[in-house]
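# Tertiary structure, described
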Amino acid sequence: MIAETGLAALWLAAGLAALQFVLMVSALRSGLAAGRAMRAIAIVQGTLTLISFAMLLWVFARTDLSVALVFENSHSAKPLVYKIAGAWGNHEGSMLLWVTVLAAAGAIFALLSRRMGERTMLAALGAQAALALGFYAFLLIASNPFARLSPPAFEGRGLNPLLQDPGLAFHPPTLYLGYVGLSVAFSLAFGALLTGEVDARLARAMRPWVLGAWILLTLGITAGSYWAYYELGWGGWWFWDPVENASLMPWLAATALLHSINVLAARGALKAWTMMLAVIAFSMSMVGTFLVRSGVLTSVHAFAIDPERGTFLLGLLGIYVGAAFILFAVRGASLKEGAPFELVSRETGLVINNLLLSVILGIVFLGTLYPLFVEAVSGEKLSVGAPYFNAVAGPLALLLAVLVGVGPLLSWRRERRPVFKQLAVPALLGVAALLVTFIVAPAIGILPRLGLTVGAYLAAASILPLVGRNPLRTPLATWGMVVAHFGIAVALAGMAANAAFTSERLAVAKPGETLSVGPWLVQFEGVTPMAGKNWTAIEGKLTATRGSGPVTLKPQTRYFLDPPTETNEAAIDTFWNGQLYTVIGKPDEAGGWQVRLWWKPFVTLIWLGGVLIGLGGALALVGRLWRVRRRRREPDWRERYA
Amino acid sequence: MKPKNQRLVLVIAALVAVIAAVLLAMWGLRDRAAYFYTPAEIAAGKAQQFKPMRLGGMVAKGSLRHDIDGAFTFNVTDGKASTRVRFRGILPNLFREGSGVVAEGKMVGDDFIADNILAKHDERYMPPELGNLAAEHKAGKTLKR
């Protein structure tokens, strides 16, 4: 009954979405009487999908093996947290999560957004319903998560052990909230283009959604990067895997949107531009979903290879992106450009930010899709990886990071003050860092060297907007900007330090043997067998010393039975100045064990930077929302902020 | 700047950005994309020396050797030809003799020097690159478990 309840809720929600869309069309044509009904329908629709998703969690929690999806992806002897998180560790469940977030976002939007034109609001709700409708159809026709299995199985086939990790509970839902949160920006842009009400008010209504989605994307990507780093045992934090790119592309677009939307909100300028970015941002989310869920890629995220699903998703993508682009082509030209600005101004800075982000996005997009394109055309198979992305996008990203230090110093409309003088100290710091790298590490690559240089410069430049201001009277949004930009410097320094200074040691060690890596001496003590709830393992014991007292690391190779798989559990010890990363491999005939050691100076800065960027976004979001509340209480805000 | 001119400048800037991205990507992809080859194609001399590429096939049974410095040597075969692969690193967990594999690296002489052996993440999963090979293999092997 549980599964049937979930399925019924899904059908009902799909019906309501259709109704919501029809009401939108009639409301826009002949008056707004349907408005109240649409809000109510959106809220009920969101609630129904939540019920449906709760039902899925329930059948997974109790391992109901009469449900095909549970049989395929779960197992009774699995810890409860992975039983529940396993609900979205598969194709159907993750698509249900996608739709649930989409509909729930629509419901929250219907519930909370009152501060914008009623017509645009209704058009946006209709667009959101249209989006949801396509994905309901996809679930109900091509990926029913609640399909029954007859007769029921005695035992499930288990969850991929790589996914049996706390990361699964956090990383996919966060990313999905981010991906799909952008749908509201898409719907708002669509609605505003329909009604022609592209103005600062729209931007202020859209901004919290973009900020919120962007924060979650940032944190989701950061978490995913760290998960891959410790779980795969390869010692890398980013592999330019197409699936990683699938999350990076919406992030790049959302980052651009986040900056241009401020121009629209503050100055009423960059109208068409911002609408275009809002369309592109969610389109990139859908492209990502298509890449990941259609099975065209080789990845841990590609759960199933099913051409029908791929075609279906591609069709949806074509319809939504096509409709938005056509609407943009028809209406975009008629948008009046807002307040003018001069060449040296905050607006120009943000336009350059947008241009660079867009070029990087284009490079990542083309590099990710190129293999698919070549294979479709010539049948030849190829892959595009780090050599391409680092060499082509890396220098642009560094240039962007340099400009991140400049943009916030400029004032709106025109800049007449000699602001560039302020950058003398950060620039000197950057030069100093550059010289130090030549002395300390003359042989490192050009990108890591420049990364360290720009990191040092930006760490100082990013806090300049606070210099000479009373910190308590500085708006929270400004604090958020500073923290996020400082986070970029931190992450950049971590990436560069990791690339420049990592030392690696791979050896076959006999018990008692000592290996050196970086400043460490690591003694291999031996191995012991271990057992967990649904796995057995060989655990190595390593004792590492560096001047002071020893630390013990215990990397494992785990053997899972359902499905039969091995995973490496790296043992990582974190110090203030880096991480010691150890993996144990296979034994050889002579009684030695393969041991791989890394000393990764300052690698943790990468994820610390990511968290800071997200935190900066959160500060800005809180600041903006708080300001809206305050404005609401003060009727004269229009004059004050005009 | 007049609003009208401003819009023109913005449109031109956007177009320049799009064109720049395409040109940069084309320039980068020309010599940085790694082609995928099978041992038969390598035997036919299709692969250039020292050029990054991927090699896919089955690990030949009985060919895996463990060298003293932690490196591995094994043969990859597609039934028609076979290529010797050298790899320094930890093999992915699902690496087995008789099972599918994709290696990233380059040809040096007659050997394929792998920088990376791609993990098959899941027992049920086969890299699409292996195409028919994988299908044949699946029918024989994975059903046994």
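None of these values were measured; they are calculated from a predicted model.

## A word on the overall build of chain A
When helices and strands are tallied, chain A shows 18 helices and 11 strands. Whereas a compact globule of 642 residues would reach a radius of gyration of roughly 26 Å, chain A reaches 26 Å, a difference of no more than 12%. Within chain A, the proportion of its 642 residues that are buried is 54%. Put simply, of all contacts in chain A between residues at least 6 apart along the chain, 76% involve residues at least 24 apart.

## What to know about the pairing of strand E4 (residues 71-77) of chain B
Residues and elements named next belong to chain B. Among the seven residues of E4, five are classified as buried, and the element is accordingly described as predominantly covered. Where strand E2 (residues 53-59) meets E4, two bridges bridge the pair, whose relative direction is antiparallel. Bridge pairing links Val59 to Val76 in E4. Sheet topology places strand E3 (residues 65-66) next to E4; two bridges connect them, and they run antiparallel. Paired with Arg65 across the two strands is Thr73, which belongs to E4. Both E4 and strand E5 (residues 82-88) contribute to a ladder of seven bridges, which runs antiparallel. Following the sheet pairing, Ala71 is matched in E5 by Arg88. Taken together, E4 and the strand that follows it, E5, pair antiparallel across an intervening segment of four residues, in which Gly79 is found at a positive phi of about 95°.

## Description of the domain arrangement of chain A
All names here are of chain A. Domain assignment breaks chain A into domain 1 (1-164), domain 2 (172-385), domain 3 (418-502 + 608-642) and domain 4 (503-601). Placing the centre of domain 3 and that of domain 4 at their C-alpha centroids yields a distance of 37 Å. Counting residues at the interface gives four residues for domain 3 and six residues for domain 4. Grouping the amino acids of the side of domain 3 that touches domain 4 by side-chain chemistry returns two nonpolar, two polar and no charged.

## Description of the nonpolar core
Soluble globular proteins tend to pack their nonpolar side chains together in the buried interior. Residue and element names in this part refer to chain A. Counting residues in hydrophobic clusters, the biggest one holds 220 residues, and the most contacted among them are Ala185, Val210, Ala253, Ala254, Leu257, Ala278 and Ala281. In terms of residue count, helix H8 (residues 200-231) provides more of this core than any other element does, 18 residues in total. Ignoring anything within four residues of it in the chain, the contact list for Ala278 reads Ala185, Phe186, Leu188, Ala189, Met206 and Leu257. Core analysis: the second largest hydrophobic core is formed by 21 residues, Ala509, Val517, Leu553 and Ala570 among them.

## Some details on the environment of Ala130 of chain A
Examined against the element boundaries, Ala130 of chain A turns out to sit in helix H6 (residues 118-142). Each C-alpha atom of the pair Ala130 of chain A and Gly547 of chain A lies 64 Å from the other, and the pair is 417 residues apart in sequence.

## Re helix H9 (residues 242-267) of chain A
The terminal C-alpha atoms of H9 of chain A lie 37 Å apart, and with 26 residues this matches the ideal 38 Å at 1.5 Å per residue to within 8%. Of the residues trailing H9 of chain A, Gly268 of chain A is marked for its positive phi of about 70°.

## Let's talk about the packing of helix H7 (residues 166-195) of chain A against H9 of chain A
The relative placement of two packed helices is expressed as an angle between their axes plus a distance between the axes. Residue and element names in this part refer to chain A. Orientation of H7 relative to H9, taken along the N-to-C sense of each, is 45°, at an axis distance of 11 Å. Judged on the interaxial angle alone, H9 and H7 are oblique. H7 and H9 meet at a crossing whose hand is left-handed. Of H9, the residues touching H7 (which contributes Leu175, Tyr179, Leu182 and Ala185) are Ser247, Pro250, Ala254 and Leu257. In the contact of H7 with H9, the residues fall into seven nonpolar, one polar and no charged.

## A word on the sheet that holds strand E11 (residues 593-601) of chain A
Residues and elements named next belong to chain A. In space, the four strands of this open sheet follow the order E2-E11-E10-E9, with antiparallel pairing throughout. Only two strands of the sheet have a single neighbouring strand rather than two, namely strand E2 (503-509) and strand E9 (571-575). Geometrically, the sheet is characterised by an average inter-axis angle of 15° between neighbouring strands, direction not taken into account. Bridge analysis of E2 against E11 gives seven bridges, and the strand direction is antiparallel.

## Regarding helix H12 (residues 346-378) of chain A
All names here are of chain A. In a regular helix each residue adds 1.5 Å, so 33 residues correspond to 48 Å; H12 covers 47 Å between its end C-alpha atoms and thus fits that length. When the local axis directions of H12 are compared, the greatest deviation, roughly 40°, occurs at Tyr370, which is followed within four positions by the proline Pro371. In the stretch just after H12, Gly379 is the one whose phi turns positive, near 80°.

Reading guide: rules and limits
Residues numbered from 1 in each chain as written. Chains lettered and ligands numbered in written order. Predicted model: local features only at pLDDT ≥ 70, side-chain atom pairs only at ≥ 80, totals over all residues. Helix = DSSP H or I, 4+ residues; strand = E, 2+ residues; numbered from the N terminus. Rg over C-alpha atoms; globule rule 2.2 N^0.38 Å. Buried ≥ 20, exposed ≤ 12 C-beta atoms within 10 Å, placed from the backbone. Contact = placed C-beta atoms within 7 Å. Pairing = 2+ DSSP bridges. Domains from an automatic or database assignment. Nonpolar A, V, L, I, M, F, W, Y, C, P; charged D, E, K, R; others polar. Core = buried A, V, L, I, M, F, W, Y, C linked by C-beta atoms within 7 Å. Expected span 1.5 Å × (residues − 1). Axes fitted to C-alpha atoms, helices over the stretch in contact; angles between N-to-C directions. Parallel < 35°, antiparallel > 145°, perpendicular 65-115°, else oblique. Left-handed = near helix turned anticlockwise from the far one by under 90°. Bend = angle between axes of the 7 residues up to and from the residue.

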